[in-house]
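# Fold and geometry: a report
Listed below, chain by chain, are the residues.
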Amino acid sequence: MKKFQLAFMWVLALLLGLSAAAAAEKPKYVFLFIGDGMSIPQRMMAEEFNMRLNGEGLAINSFPYQVMTTTRSANSFITDSAASGTAIACGEKTDNGTIGMDSSKTRNLVSVAEVARDAGKKVGIITSVTINHATPAAFYGHNPSRGNGYELGLDLIKSNFDFFGGGGVDGHGDKEPDIYNLAAEAGYTVLHDPQELLKLEPGCGKVLAVQKDGALPYAIDDPDGFRDADYLRKAIELLDGDEGFFIMTEGGKIDWMCHANDAGTTMREVIDLDNAVKVACQFAEKHPDETLIVVTGDHETGGLTLGFAGTGYNSYIERLQYQKCSQDVFSGKLREVADDYSAVEKAITEWFGLKFDAPDDDPMELTGSEKEEIRAAYDRSGEDHKEISRVTHTVVKIFDNKAGLGWTSGAHTALPVNTSAKGVGAEAFKGMIDNTDISKKLKELVVK
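Read on for an overview of the structure. (Residues numbered from 1 in each chain as written. Predicted model: local features only at pLDDT ≥ 70, side-chain atom pairs only at ≥ 80, totals over all residues. Heavy atoms only, no water.)

Attention now goes to the overall build of the chain. Tallying secondary structure elements over the chain gives 16 helices and 14 strands in all. For a compact globule of 448 residues, the expected C-alpha radius of gyration is about 22 Å, and the chain comes in at 24 Å, within 12% of that figure. When its C-alpha atoms are laid out on the principal axes, the chain stretches across 95 × 55 × 45 Å. Looking at the chain as a whole, 55% of its 448 residues are labelled buried. Summarising the internal contacts of the chain: among those between residues at least 6 apart in sequence, 74% fall at separations of at least 24. Per element, the accessible surface of the chain, about 18700 Å² overall, is 53% carbon and sulfur. Mean positive and mean negative side-chain charge positions of the chain (45 and 67 charges, respectively) differ by 6 Å. (Helix = DSSP H or I, 4+ residues; strand = E, 2+ residues; numbered from the N terminus. Rg over C-alpha atoms; globule rule 2.2 N^0.38 Å. Buried < 20%, exposed > 50% of the residue type's maximum accessible area, 1.4 Å probe, protein only. Contact = heavy atoms within 4.5 Å. Areas by Shrake-Rupley, 256 points an atom, 1.4 Å probe, with all protein chains shown as cover. Lys, Arg positive; Asp, Glu negative; His and termini not counted. Charge placed at Lys NZ, Arg CZ, Asp CG, Glu CD.)

Written out as structure tokens, the structure reads:
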């Protein structure tokens, strides 16, 4: 009998130990990063650029767990951000254009952020684009159409999440009552000045700290501005507590410049997201047994190719350093001098490093056919040069080709993305997975 009791106690102790170990494997702090439009080519372009100029790669590419992730939506091989954001957030496929609902548009889905909230964790949502854009909205919104920005703004308030940061609320300027006023009435501290955000202290309550209008500027145009990394750093300070937190941070403008086939601006947006990931990594160093970091993309955009027929087997990604502004800003600069073609040439050299009169062995010297192509785009811009963006697009294409890069599309593609993980529970991310698996795995991990 005594032996039986000892054996029983030993088994019970073992089971309790296993149970405690299993509980300990669940993270207190969960970071999810999404690069909108970011797949393997975008990551490798930024990795190679950083290696050549700084001697180090991206933090996200150094994570111990790296898995291929499929992205199709319920009704298309090629997904949009609404369907992919919903899959990542909620763990279920839906149709393109749908936010936080199933493909029948009759049933609301539950996101990992909502599960974390209901489990007692603080929740933060950060993005470089508008805060009610498709990807961030998938974590709190439920609407048949991603285009219903005002309604998604109402869902944002209803979510009762603790922190929102980044780009402003879109699509509500002509509707009443104003989303910002409603958020304030619901108990949010509404701020449009990052310096005011920095003054907040833990215990301040719910925060909506976003630009008044529109997305954050591109990183290449605003290198010293308040970026995703800065919003995340402050969110960590405000949300840390006994139950921990779940924070989703999106690099949303990677997608925008992939649509525009602008490699230099895209690359800097990827690095900008990686800088935010580094903030999470620094936090994880202080909480190594409590933190999980997951990084993924919602789809690939642009069909970026890391090679160009004109450069053969050679790659010159380091030449992207010569681009000094996004193509949006560059078009504005061209409009200022559009009546003088010689001034247009000077602007091209100043902002992209492409040269019209240099020695033949200068790698940034334009060929005769490239010069003709730029001039033809200028001539097609109209008498008043309202379509000067034709020149911008031509310059960016030539510039990217000189770096050994090309594009196959101005839209999304079905290329799988890469999901990276490190920290507590990261071993769940292995093999080849679907984007719905990200939510499924995270939901298990955010609940005690």
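Now that the structure has been shown, we can carry on.
Turning next to the packing of aromatic side chains. For the coordinates displayed, the defined rule picks out 14 aromatic pairs. Between the aromatic rings of Phe161 and Phe164, the centroid separation amounts to 6.0 Å while the plane-to-plane angle is 20°, which identifies the pairing as stacked. Phe164 matches Phe161 in its accessibility class, with the two residues each being buried. Positioned above the aromatic ring of Tyr218, the side-chain terminus of Lys253 is 3.6 Å from the ring centre. (Phe/Tyr/Trp six-rings, centres within 6.5 Å; stacked < 30°, edge-to-face > 60°. Lys NZ or Arg CZ within 6 Å of the ring centre and 35° of its normal.)

The next point concerns unusual backbone geometry. Notably, Asn160 is not glycine yet its phi reads approximately 65°, a positive angle. If you trace the backbone, Asn160 turns up in the loop between α6 (149-159) and β4 (163-167). The partly exposed category is assigned to Asn160, whose relative accessible area is 41%. Positive phi values are uncommon outside glycine, yet His385 reaches one of about 60°.

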